[in-house]
Structure formats: C-alpha cells, structure tokens
Amino acid sequence: MHTIKNITCIGAGYVGGPTMSVIAQKNPDIKVTVVDLNKTRIDAWNSDDLSLLPIYEPGLDSVVKEARNRNLFFSTDVDKAIDEADMIFISVNTPTKTYGKGKGQAADLKYIELCARQIARVAKNDKIVVEKSTLPVRTADAIKSILNNTGNGVNFHILSNPEFLAEGTAMADLENPDRVLIGGENEDAIQALVNVYAKWVPKAKIITTNLWSSELSKLVANAFLAQRVSSINSISELCEVTGANVDEVANAIGMDSRIGSKFLKASVGFGGSCFQKDILNLVYIARSYNLNEVADYWQQVISMNDHQKQRFSSNIIKTLYNTVNGKNIVFYGWAFKKDTNDTRESAAIYVADHLLDEEANIIVYDPKVSAEQVYSDLDYLGTRGPEENRRFVTVVNNPVAASKGAHAIAVLTEWDEFKSLDWKSIYANMFKPAFIFDGRNVLDKNSIVEIGFSYKSIGK
Ligand code: UDX
Ligand code: ADP
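Presented here is a report on the structure given in the accompanying data block. Residue positions are given per chain, counting from 1 as you read along its sequence in written order. All chains are assigned letters beginning at A, and all ligands numbers beginning at 1, according to the order in which they are written. Since the coordinates come from a predicted model, pLDDT governs what is reported: local features require at least 70, and pairs of side-chain atoms require 80 or more to be given and counted, while whole-chain, interface and lining totals use all residues. Excluding hydrogens and water, the side-chain values take into account all heavy atoms of the structure.

**Here we look at the overall build of the chain**
Thought 1: Secondary structure elements follow DSSP: runs of H or I of four or more residues count as helices, runs of E of two or more count as strands, with numbering from the N terminus. Regarding its fold elements, the chain presents 18 helices and 14 strands.
Thought 2: In terms of overall size, the chain behaves like a compact globule, its C-alpha atoms giving a radius of gyration of 23 Å where 460 residues would be expected to give roughly 23 Å.
Thought 3: In terms of principal-axis extent, the alpha carbons of the chain reach across some 75 × 50 × 45 Å.
Thought 4: Each residue is placed in one exposure class: buried if its accessible area under a 1.4 Å probe, protein chains only, is under 20% of its type's maximum, exposed if it is over 50%, and partly exposed if it falls in between. Expressed as a percentage of its 460 residues, the buried residues of the chain come to 52%.
Thought 5: Within the chain, contacts between residues at least 6 apart in sequence are counted, and of these 76% link residues at least 24 apart.
Thought 6: The method behind every accessible area is Shrake-Rupley, applied with a 1.4 Å probe, and residues are considered shielded solely by the protein chains displayed. With the model as given, the accessible surface of the chain reaches about 20,300 Å², and the carbon-plus-sulfur share is 50%.
Thought 7: For this count, His and the chain ends are skipped, Lys and Arg are scored as positive, and Asp and Glu as negative. Every charge is mapped to an atom, namely NZ of Lys, CZ of Arg, CG of Asp or CD of Glu. Computed over 50 positive and 56 negative side-chain charges, the inter-centroid distance for the chain is 1 Å. We take the radius of gyration over the C-alpha atoms and set the globule estimate at 2.2 Å times the residue count to the 0.38 power. Contact between two residues is taken to exist if any of their heavy atoms lie within 4.5 Å; hydrogens are not considered.

Okay, structure coming up:
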C-alpha cells in the first residue's frame with residue numbers, strides 16, 4: 001500500500017492554498033509543496049507579513065504560520081516538486097472558454113493539459129495524480145491518456161477529489177467537512193488519499209466512488225446550490241409585486257426539514273468562480289449528448305441569475321427618475337460574497353457595467369478588494385476601454401467619505417461592517433432624496449428609514 005511522504009500541489013490559488021495548508025497542518029509527517037508559475041503569488045505566500053498572503057480567508061494566516069517552513073512550502077520550481085512527489089494535486093484554474101468550440105460554456109482545459117504534460121515529462125517514479133480543480137465529467141480520461149502515453153514506464157493512478165469548500169468559510173469547511181469525496185479506479189491509490197484525510201476527518205464522512213460519479217457530483221452539488229439561490233431570487237420578484245416578504249417566505253419554507261433553511265437568502269444574484277461555470281459545464285455536457293431538455297432546465301438557473309442582476313440595476317435607474325447620467329452611485333462591496341477578496345463573477349461587476357452604459361459615475365468601497373482588481377474586472381468584460389473605466393469608476397478606502405455628493409448607495413456585498421457604518425454622516429453627505437438599494441438585505445430598515453433614507457431591498 002502507498003504511504004505518502006511527499007505531496008505537491010500545482011496551483012496556489014483559492015483552492016490549492018487553503019486546502020494544502022490544512023493538509024500540511026494535519027499531517028506533520030508529510031512534506032507538502034505548493035507550486036505556481038506566478039512568482040508574485042508565491043512570494044506573497046512566503047511573505048513574513050501574514051496580512052500580505054495573496055488570498056484573504058479568515059483563519060488562514062494562523063494555519064500558514066503554524067505549518068509554513070515546517071512541512072508546508074511554497075515554490076515556483078514546478079519540476080522539482082513534481083519529481084519529489086508521491087502524490088500530485090492539480091489545482092489550477094479552469095475558466096470558461098472564451099474562444100472556439102464551446103465558447104462561453106465549456107471549461108478551458110488548457111492549464112490542466114499543460115500540467116499533465118509537465119508531470120508526464122518530469123516523472124521518474126510512480127505517482128498518484130489527484131484532480132482537485134472542478135472539471136467536466138471524463139476529464140480524467142484526458143489526463144490519463146496524456147500520462148499513460150509517455151512511454152517512460154512510470155505508472156500513474158488518477159483520482160478525483162473535488163473541493164467543496166466555500167470561500168469566506170474555507171478553513172472551517174476544510175476542518176470540518178460535510179463529506180470528503182474520492183473517486184478512482186485503483187483501491188491502493190484511493191486508500192492512500194483516504195489516509196491523508198483520515199488524520200482529521202471521521203472515516204464515515206470519507207466516501208469513495210468511481211471516477212465519473214465523483215467528477216459529476218461536484219458539478220451537480222454546485223448546480224443544486226445555485227438553483228436554490230435562483231429559486232428564492234425568482235420568488236423575491238413575486239414578493240415585491242404581491243406584498244409578501246421574501247425573508248418570511250424563506251423562513252417558513254426553510255423550516256420544512258425536507259427543504260432545509262440554508263441557501264435561501266435572496267440577493268442581487270450569485271457570483272463566484274464555481275456556480276455559473278459549473279452549470280455551464282453541465283449544460284454543455286448535456287447538450288453534447290443531445291439531452292436538450294436537461295440542458296435547458298439547468299440553463300434557466302443562469303438566466304434567472306442574469307435577470308436578478310439586471311433587475312437590480314434597472315430598479316436603480318428607474319428609481320433615480322429614469323436617468324443616472326452623471327449621477328454618483330456608491331457601491332458598498334465588490335467581492336462576490338463577504339469575507340473574501342475574490343471578485344470572480346461578482347454581481348457587482350455586471351451591475352456596474354449596466355450603470356456605466358447609462359453613464360453613471362461609480363464609487364467603489366470594498367474592505368478587501370484592491371482598485372487594480374476592480375479595474376481589471378471591468379476591463380476584462382471589454383464593454384468599454386480601460387480609460388473610460390478609470391474615468392467613470394473611482395475606488396476609495398473610506399466608506400463615509402465615498403458618500404460625499406452621492407445620489408444613491410448600492411450594497412453589493414454583505415460585509416458585516418456595513419451594518420455599523422456611520423449612516424447619519426453618510427446621509428448628511430448625500431443629495432436628497434438619499435436612496436439606498438440593499439442588494440443583500442443586510443441593513444436594519446427601521447433605523448435607516450428613521451435617519452431619512454429612502455430604502456429599497458430585495459423581495460420586500
Ligand atoms: C461554492 C460552493 O458552495 C462550494 O461548495 C464549492 O466548492 C465552490 O462553489 P463559493 O462560490 O465559495 O462556494 O460560495 P457560496 O457560499 O456557495 O456562494 C456563492 C454565491 O451565492 C455568492 O455570490 C453568494 O453571495 C450567493 N448566495 C449564496 C446567495 O445569494 N444566497 C444564498 O442563500 C447563498
Ligand atoms: P482556484 O479558485 O481554482 O484555486 P485560482 O485562479 O485562484 O483558481 O488559482 C489557480 C492557480 O493555478 C493560479 O495561481 C495559476 O497561476 C496557477 N496555474 C495555472 N496553470 C499552472 C501550471 N501549468 N503550473 C503551475 N501553476 C499554474
């Protein structure tokens with residue numbers, strides 16, 4: 001049976017970084033090396049000042065502090081780390097394709113393929129290769145085919161071990177997962193990975209399946225979660241026209257144990273690197289097997305989400321007397337959810353894009369997102385040039401000062417600190433009527449209205 005002494009993880013991002021930190025913390029006898037092509041990112045992981053780690057995740061700094069340079073290492077020497085490893089996690093990004101066949105839907109697997117080729121080139125002894133990134137079903141086939149055709153006599157075993165951590169709560173999710181899923185074909189290889197997790201996860205929570213079930217389960221878990229958000233968001237619109245209150249409805253249905261209370265918070269729309277990408281993948285796979293009804297069914301979860309973002313920005317425009325041209329709209333929050341500096345697919349980006357089309361000025365305050373990130377998100381959309389984005393969007397680091405001369409405030413992320421801002425001073429700073437559009441239903445309506453604001457939330 002394999003005893004793992006050396007683990008390498010390719011990709012030091014939101015998944016690889018936290019996951020390997022916890023694996024290293026719980027397995028002091030295993031040397032864990034996280035490698036990345038991006039030197040700036042690796043330097044940040046190695047920074048003495050733990051506030052400079054490249055990703056913000058509550059509790060991550062103390063685990064890195066405990067394990068780093070004991071049995072946890074961050075490096076750019078990918079070849080050396082591959083050579084030394086018994087087990088290699090592939091944790092690189094798999095963005096939606098922006099070109100060619102499957103554009104806008106299929107996952108771009110070029111980074112995965114590059115990794116597989118690099119492993120094939122460097123490996124001199126047998127290795128277990130673990131897919132950690134979310135991948136379309138049957139990707140393992142492609143990896144296997146690349147690895148097994150090197151002709152260098154090395155044996156590779158492929159495992160699928162999808163990550164279920166959610167950003168912002170990643171450390172707690174890793175420490176105490178609902179389940180760990182391992183898919184594979186070779187019993188010894190599966191057992192080797194089970195042993196790594198069994199150091200801290202109860203055996204009953206470690207489930208093993210065939211490769212394809214594991215790959216598909218990851219996509220399906222995210223699709224089901226996203227579907228719940230789109231479902232409650234669809235009801236939020238109905239609540240607004242009927243006089244029902246979406247929080248009351250969510251509470252009433254969530255107490256049905258068959259439904260459950262989680263993931264029923266109406267919002268401006270879901271974001272993040274997984275939900276949309278994974279559903280698009282599911283849709284693409286279904287279509288490629290000619291399962292058009294299946295594809296349409298899941299596509300609707302995304303359409304509903306697009307509608308919710310569009311509805312939010314349209315409501316701002318309508319309320320501000322049908323024009324936002326030249327008006328100052330302050331965004332509180334840019335990240336796709338609280339407690340992370342990740343902005344991938346954040347609703348804020350699309351709401352901003354729509355308001356910029358209407359020639360609004362946007363002032364962004366987010367406690368953890370940098371100005372460079374905000375501009376790079378807007379530039380990436382390609383709706384308008386970088387100069388225009390910089391002319392009409394200002395990023396600031398003081399939320400109260402941001403409101404000077406503002407016509408409206410839009411809450412895009414549910415950061416806790418927004419609840420206790422100095423709302424009286426913010427009100428004094430603004431044009432009247434002073435509007436607040438709470439895209440996360442986080443503010444206390446009564447006290448906000450008492451100050452004098454005109455307050456609009458989702459689904460009420
Ligand atoms: C998700 C899955 O939860 C995780 O298991 C998987 O590994 C990766 O994808 P993540 O994207 O980090 O994790 O965040 P999640 O907490 O799932 O939230 C996704 C989006 O849905 C966020 O924009 C969030 O604000 C939104 N959301 C979530 C709601 O609008 N309402 C809810 O009730 C829950
Ligand atoms: P995730 O949320 O899936 O962790 P990220 O984009 O945060 O995604 O992280 C993926 C990381 O993988 C990036 O830091 C990127 O530089 C790295 N990466 C991509 N391809 C390779 C490769 N061939 N070798 C090493 N690192 C890679």
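Picking up after the structure, the text goes on.
**Side note on the site of ligand 1**
Thought 1: Only a single heavy atom is needed: when it lies within 4 Å of a molecule or strand, its residue is near that molecule or strand. Neighbouring residues of ligand 1: 20 residues in total, closest Phe164, Glu167, Ser267, Lys337 and Arg440.
Thought 2: Think of a polar contact as two N or O atoms within 3.5 Å of one another; within protein, one of them needs to be a possible hydrogen donor and the other a possible acceptor, and neighboring residues in sequence only count if both atoms come from side chains. Backbone polar atom of Leu165 to an oxygen atom of ligand 1: 3.0 Å apart, as the coordinates give it.
Thought 3: Between ligand 1 and the protein, one listed contact pairs an oxygen atom with a backbone N or O atom of Gly271 at 2.9 Å.
Thought 4: Relative to its free-state accessible area of 660 Å², ligand 1 is covered by the protein chains to the extent of 91%.
Thought 5: Gly counts as polar in this scheme, as do all residues outside two lists: the nonpolar Ala, Val, Leu, Ile, Met, Phe, Trp, Tyr, Cys and Pro, and the charged Asp, Glu, Lys and Arg. For the shell around ligand 1, the per-class residue count stands at 11 nonpolar, three polar and six charged.

**Re the side chain of Arg384**
Thought 1: Examined against the element boundaries, Arg384 turns out to sit in the loop between helix 14 (371–381) and helix 15 (386–392).
Thought 2: When its relative accessible area of 11% is taken as the criterion, Arg384 is described as buried.
Thought 3: Reaching out from Arg384, the side chain makes a polar contact with the side chain of Asp353 at a distance of 3.1 Å.
Thought 4: Polar side-chain contacts of Arg384 include one of 3.0 Å to the side chain of Asp357.
Thought 5: In contact with Arg384, other than residues within four places in its own chain, are Asp353, Leu356, Asp357 and Asn389.

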